[in-house]
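Remarks on the overall topology
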Number of protein chains: 2
Amino acid sequence: MIEKPRGTRDLGPEEMSRRRKVEEELRTVSRSFGYHEIMTPTFEHTELFLKRSGPSIVEEIYDFEDKGGREIALRPEFTAPVMRMYSESMRERPKPLKVFYFGPAYRYERPQSGRYREFWHFGTELIGPDTPRADAENIALAISSLRKLGLKDFSVRISNLQILDIFLKEREIPEEKRGQLYHALDNEEDVKDILGPDTSDEFISFLNTPLSELEGYLQDTSPIEYLKKVLETLEFYEIKEEDYTIDLRIVRGLDYYQGVVFEIDAHGLGAEEQVCGGGDYNLGDLFGLDVSSKGFALGFDRVVLALEDEGKLPFPEKGQYYIIPIGEGSLGYSYDVLDMLREKGVSADIELMDRGVGNALSYADRADFRYSILIGEDEVKEGTVTIKEMESGEQKTLVKEDFLSEVEKSE
Amino acid sequence: MIEKPRGTRDLGPEEMSRRRKVEEELRTVSRSFGYHEIMTPTFEHTELFLKRSGPSIVEEIYDFEDKGGREIALRPEFTAPVMRMYSESMRERPKPLKVFYFGPAYRYERPQSGRYREFWHFGTELIGPDTPRADAENIALAISSLRKLGLKDFSVRISNLQILDIFLKEREIPEEKRGQLYHALDNEEDVKDILGPDTSDEFISFLNTPLSELEGYLQDTSPIEYLKKVLETLEFYEIKEEDYTIDLRIVRGLDYYQGVVFEIDAHGLGAEEQVCGGGDYNLGDLFGLDVSSKGFALGFDRVVLALEDEGKLPFPEKGQYYIIPIGEGSLGYSYDVLDMLREKGVSADIELMDRGVGNALSYADRADFRYSILIGEDEVKEGTVTIKEMESGEQKTLVKEDFLSEVEKSE
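Analysis parameters
Residues numbered from 1 in each chain as written. Chains lettered and ligands numbered in written order. Predicted model: local features only at pLDDT ≥ 70, side-chain atom pairs only at ≥ 80, totals over all residues. Helix = DSSP H or I, 4+ residues; strand = E, 2+ residues; numbered from the N terminus. Rg over C-alpha atoms; globule rule 2.2 N^0.38 Å. Buried ≥ 20, exposed ≤ 12 C-beta atoms within 10 Å, placed from the backbone. Contact = placed C-beta atoms within 7 Å. Pairing = 2+ DSSP bridges. Right-handed = clockwise from strand over helix to strand, strands pointing away. Least-squares fit on C-alpha atoms with pLDDT ≥ 70 in both. Axes fitted to C-alpha atoms, helices over the stretch in contact; angles between N-to-C directions. Domains from an automatic or database assignment. Nonpolar A, V, L, I, M, F, W, Y, C, P; charged D, E, K, R; others polar. Parallel < 35°, antiparallel > 145°, perpendicular 65-115°, else oblique. Left-handed = near helix turned anticlockwise from the far one by under 90°. Arc of directions from axis to C-beta.

**Concerning the overall build of chain A**
The secondary structure content of chain A amounts to 14 helices and 16 strands. Taking 411 residues into account, the globule formula puts the C-alpha radius of gyration at 22 Å, and chain A, at 28 Å, lies well above it. In terms of overall dimensions, chain A has a C-alpha envelope of 95 × 55 × 45 Å along the principal axes. Counting every position in chain A, which comprises 411 residues, the buried fraction comes to 44%. The long-range share in chain A, meaning contacts at least 24 apart out of those at least 6 apart in sequence, stands at 68%.

**A closer look at the pairing of strand 12 (residues 319–325) of chain A**
Residue and element names in this part refer to chain A. Among the 7 residues of strand 12, 6 are classified as buried, and the element is accordingly described as predominantly covered. Where strand 12 and strand 14 (residues 369–375) come together, 6 bridges link them in parallel fashion. Residue pairing for strand 14: P325 is matched across the bridge by I375. Examined bridge by bridge, strand 12 and strand 13 (residues 348–350) share 3 bridges and lie parallel to one another. Its bridge partner being in strand 13, Y321 is matched across the sheet by A348. Once the chain exits strand 12 it traverses helix 11 (residues 331–343) before rejoining the sheet at strand 13, and the crossover so formed is right-handed.

**Concerning the relation of the copies chain B and chain A**
Placing chain B over chain A gives an RMSD of 0.1 Å and needs a rotation angle of 180 degrees, together with 0.0 Å of translation along the axis. What the rotation and shift describe, once combined, is the action of a two-fold rotation axis. Across chain B, the rotation axis passes nearest the C-alpha of F64 of chain B, at a separation of 3.1 Å. Interface overlap between copies: 100% of the residues of chain B at the interface are likewise at the interface in chain A, consistent with a symmetric, same-surface contact.

**Looking at the sheet that holds strand 15 (residues 384–389) of chain B**
Residue and element names in this part refer to chain B. Within the open sheet, the 5 strands sit side by side as 13-12-14-15-16. Their pairing is mixed. Where the open sheet ends on each side, the last strands, each with one partner, are strand 13 (348–350) and strand 16 (395–399). On average, each strand axis in the sheet is inclined to that of its neighbour by 25 degrees, with strand direction left out of account. When strand 14 (residues 369–375) meets strand 15, the two strands line up antiparallel, connected through 4 bridges. Along strand 15, the bridge assignment pairs S372 with K388. In the packing of helix 11 (residues 331–343) onto the sheet, the strands contacted are strand 12 (319–325), strand 13, strand 14 and strand 15, and the crossing angle to strand 12 comes to about 165 degrees.

**Focus: the sheet that holds strand 16 (residues 395–399) of chain A**
Residue and element names in this part refer to chain A. On the basis of which strands lie adjacent, the open sheet formed by 5 strands has the order 13-12-14-15-16 and mixed pairing. The open sheet terminates on both sides in strands that have one partner only, identified here as strand 13 and strand 16. Geometrically, the sheet is characterised by an average inter-axis angle of 25 degrees between neighbouring strands, direction not taken into account. Packing of helix 12 (residues 357–366) onto the sheet brings it into contact with strand 12 and strand 14, and relative to strand 14 it is tilted by some 160 degrees.

**Overview of the domain arrangement of chain A**
Considered domain by domain, chain A is made up of domain 1 (13–309) and domain 2 (319–410). The centre of domain 1 of chain A, based on its C-alpha atoms, is set 52 Å off from the matching centre of domain 2 of chain A.

**A few points about the interface of chain B and chain A**
Of the residues lining the interface, 72 residues belong to chain B; the matching set on chain A comes to 72 residues. Per-element tally for the side of chain B that touches chain A: the top contributor is helix 1 (residues 13–32) of chain B, with 7 residues. Partitioning the side of chain B that touches chain A into residue classes produces 33 nonpolar, 17 polar and 22 charged.

**Digging into the environment of D190 of chain A**
With respect to the secondary-structure elements, D190 of chain A resides in helix 7 (residues 188–195). Remark: the alpha-carbon pair of D190 of chain A and Q180 of chain A, spanning 10 residues in sequence, is separated by 9.2 Å.

**A look at helix 10 (residues 300–309) of chain A**
Residue and element names in this part refer to chain A. Across the 10 residues that make up helix 10, a large majority, 8, are buried. Listed in full, the buried residues belonging to helix 10 are F300, D301, R302, V303, V304, L305, A306 and L307. Buried residues belonging to helix 10 abut helix 1 (13–32), strand 6 (118–127), helix 4 (132–149), strand 9 (257–266), strand 10 (274–281) and strand 11 (293–299). G311 sits one or two positions beyond helix 10 and adopts a positive phi of about 65 degrees.

**Examining the environment of D247 of chain A**
One can find D247 of chain A in the loop between strand 8 (244–246) and strand 9. As for D247 of chain A and P210 of chain A, which are separated by 37 residues in sequence, their C-alpha atoms are 9.0 Å apart.

**Re the packing of helix 1 of chain B against helix 4 (residues 132–149) of chain B**
Residues and elements named next belong to chain B. Between helix 1 and helix 4, the shortest axis-to-axis distance is 10 Å and the interhelical angle comes to 135 degrees. The orientation of helix 1 with respect to helix 4, classified from their angle, is oblique. Handedness of the crossing formed by helix 1 with helix 4: right-handed. Where helix 1 abuts helix 4, its residues V22, E25, L26, V29 and S30 lie against L141, S144, S145, K148 and L149.

**Some words on the packing of helix 4 of chain A against helix 9 (residues 222–236) of chain A**
Residue and element names in this part refer to chain A. As a packed pair, helix 4 and helix 9 sit with axes 8 Å apart at the nearest point and diverge in direction by 50 degrees. In terms of orientation, helix 4 lies oblique with respect to helix 9. Remark: the crossing between helix 4 and helix 9 carries right-handed chirality. Of the residues in helix 9, those touching helix 4 at P132, R133, D135, A136, I139 and A140 are Y226, K229, V230, T233 and L234. Taken together, the residues of the contact of helix 4 with helix 9 sort by class into 7 nonpolar, 1 polar and 3 charged.

**Structural notes on unusual backbone geometry**
All names here are of chain A. For the peptide bond that leads from K95 to P96, omega is 0 degrees, which places it in the cis range. With phi around 55 degrees, D354 is a residue other than glycine that occupies positive phi space. On the secondary structure map, D354 appears in the loop between strand 13 and helix 12.

**Notes on helix 2 (residues 46–53) of chain A**
All names here are of chain A. Buried within helix 2 we find T46, L48, F49, R52 and S53. Down the axis of helix 2, the buried side of the element spans an arc of 160 degrees, and every buried residue falls inside it. Contact partners of the buried residues in helix 2: strand 2 (43–45), strand 3 (63–65), strand 4 (71–74) and helix 3 (79–90).

**Description of the pairing of strand 10 (residues 274–281) of chain B**
All names here are of chain B. Burial within strand 10 is extensive, with 7 of its 8 residues counted as buried. Taken together, the 6 bridges between strand 9 (residues 257–266) and strand 10 define a ladder with antiparallel strand orientation. Bridging across to strand 10, V261 finds its partner in G279. When strand 10 meets strand 11 (residues 293–299), the two strands line up antiparallel, connected through 6 bridges. Note on strand 11: the bridge partner recorded for G277 is A297.

Written as structure tokens, this is what we have:
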């Protein structure tokens with residue numbers, strides 16, 4: 001038996017219905033923020049991802065040679081493709097350029113709970129401006145999106161990578177040690193090994209210092225002031241001090257992040273709780289451009305899981321009306337009713353397997369229809385329909401026009 | 001410079017906005033017909049497509065070996081994946097099962113006008129029933145979808161593969177010749193070579209005979225009667241004789257089609273005018289199942305092109321409101337207005353690059369905003385906003401609340 005490839009998913013009707021609702025809501029919020037949707041191809045030249053993330057990425061991506069000998073890879077993320085598209089066809093557009101995207105990305109890794117080889121990202125890029133208010137707009141869109149979806153139990157961590165960077169530069173820590181350090185921030189032993197006992201003690205207490213007291217550690221305090229301006233602007237979006245924490249340990253793991261960064265965790269998700277990451281980056285040098293950008297990506301699958309976990313996703317609509325014609329003579333009339341319901345945009349179906357009433361009703365029940373509509377000789381003669389509510393079993397006969405105008409009202 | 005891979009596209013804001021509208025309309029129609037959306041992975045085990053389409057498909061697909069040594073291919077179409085999903089996780093669902101899908105598919109072929117290596121399909125499967133009314137439902141959904149989109153210049157061709165099949169069987173034409181013949185129907189010389197002069201003359205005049213006279217050629221006329229029942233049912237969907245032609249030359253090129261089939265052409269498209277193909281098929285034996293299904297796939301990109309060609313796609317919405325705060329003191333008030341607009345779901349933006357009024361207005365113009373909103377000291381003091389309509393240049397100052405309730409009304 002041929003099965004789906006390991007680490008991938010089939011998404012059934014109930015799940016897709018919920019996902020499309022979440023997707024549409026995200027799209028609505030991004031549009032209200034003045035962002036426009038774009039789309040890049042599912043695969044790119046492998047080189048693009050190598051240049052962005054370094055050669056080790058090859059271990060984790062779906063890369064292959066196409067029939068023309070090109071090295072191709074399924075995108076592991078969208079930022080590099082979007083910047084490639086920007087460089088190829090959007091660089092003449094007026095700035096800021098605000099774009100968003102939604103689609104699947106791919107990573108070859110051991111499948112585990114909450115991690116798939118094909119997963120969906122909803123993300124944005126705000127290309128051009130390099131101001132604190134632009135960083136605030138970026139962070140605010142991410143938070144507003146989750147708020148609009150109704151998610152409650154999430155927390156936001158914000159930092160400015162420049163703060164860490166300047167602390168280390170002012171102490172003349174060489175660049176290669178900084179790289180090591182960025183991977184070791186959660187482990188004090190490692191930090192000690194890298195920095196030696198004196199600097200490491202100072203460094204660890206620096207990491208744990210609240211924003212208001214950080215200035216004592218730096219000569220150049222401009223990145224602290226920059227971050228404060230971002231936070232002040234967030235107030236305008238109803239994002240207050242109690243809605244986030246400052247966390248100098250965020251490093252986003254990638255070299256091209258350069259300024260304000262943030263991450264969002266949804267606590268219902270357990271170990272894989274991060275649902276969003278983003279910030280300020282510069283990918284311009286991949287394309288010989290000097291352009292700064294601020295963006296984020298939401299892990300769409302995890303957002304959906306988190307919403308489900310909080311009971312925030314309504315059950316998908318049931319099928320609405322199931323028409324059961326009784327006898328050949330009632331077919332024309334039955335199709336009339338069917339057409340009129342569908343014209344109204346109501347989900348309506350008709351028995352297509354020529355089953356008897358009993359079997360048809362049993363199908364309507366198993367397939368979760370809300371109502372069956374029985375149409376036989378009497379209904380045709382009298383211009384009525386007989387409606388059976390499937391859950392209660394209640395049945396009533398209505399004049400066709402009355403029924404249709406009732407449907408109109410309930411929409 | 002790294003560019004997008006050959007044969008793929010980047011879809012910009014204007015194009016994506018139009019495509020999402022078409023997609024949403026298609027989804028709405030399919031839902032009203034009682035279909036539910038599903039999604040399968042972008043890639044499958046290559047074997048699935050080999051089994052479905054034969055070994056020659058390998059020439060045309062993106063196939064590769066993943067890091068676990070699996071033979072994987074980007075889907076060239078959705079029918080086999082959907083039936084694979086059905087067999088894996090949906091076979092217990094009550095029948096009929098009505099599903100639709102939307103997504104990209106991939107083919108490695110020479111890129112040319114209207115043909116891309118990554119292209120989108122919107123399609124459906126009606127799994128279970130094997131009745132003329134089910135065939136009619138399938139065809140009616142395809143036609144209704146195009147009608148709802150407003151497409152005018154398209155034509156529908158319908159056939160029943162059984163008619164051709166029985167003609168040849170009754171004349172004892174061996175199976176391998178039938179296979180050859182199905183690829184040669186458009187070329188009378190080839191038909192003669194395959195069938196010999198006597199049978200070929202009869203065959204060609206049979207191909208050109210109207211449905212009402214076809215019965216003279218067959219002993220077993222049941223497939224003609226079946227097709228007539230389908231056509232009678234189409235009348236119930238307001239699909240009349242003048243809305244289609246019967247075309248015995250349709251063979252759909254694939255062995256698993258078995259009964260009523262149809263194709264739709266949009267004449268604005270030139271050489272690549274087919275926008276839809278579908279019909280009755282049985283892929284069950286791939287999965288050890290006996291299940292018949294009726295479906296179709298719309299070539300989404302071509303449908304969009306055809307609609308554009310007919311001027312049926314409205315220009316995408318411009319950006320709505322661009323707020324220009326003048327001076328630090330007006331920031332808070334400006335963000336209030338921004339938030340209130342966005343809350344209403346109106347697309348609203350704020351100057352993020354700290355440009356002066358002149359430069360900001362020039363950006364609003366180039367970025368195609370409809371209105372700029374100027375907010376300076378006076379506006380803050382008096383609780384007003386100054387609106388500039390970008391096209392006419394007209395400018396007026398309104399009390400903030402009046403402005404907001406005007407926006408409410410115009411939505």
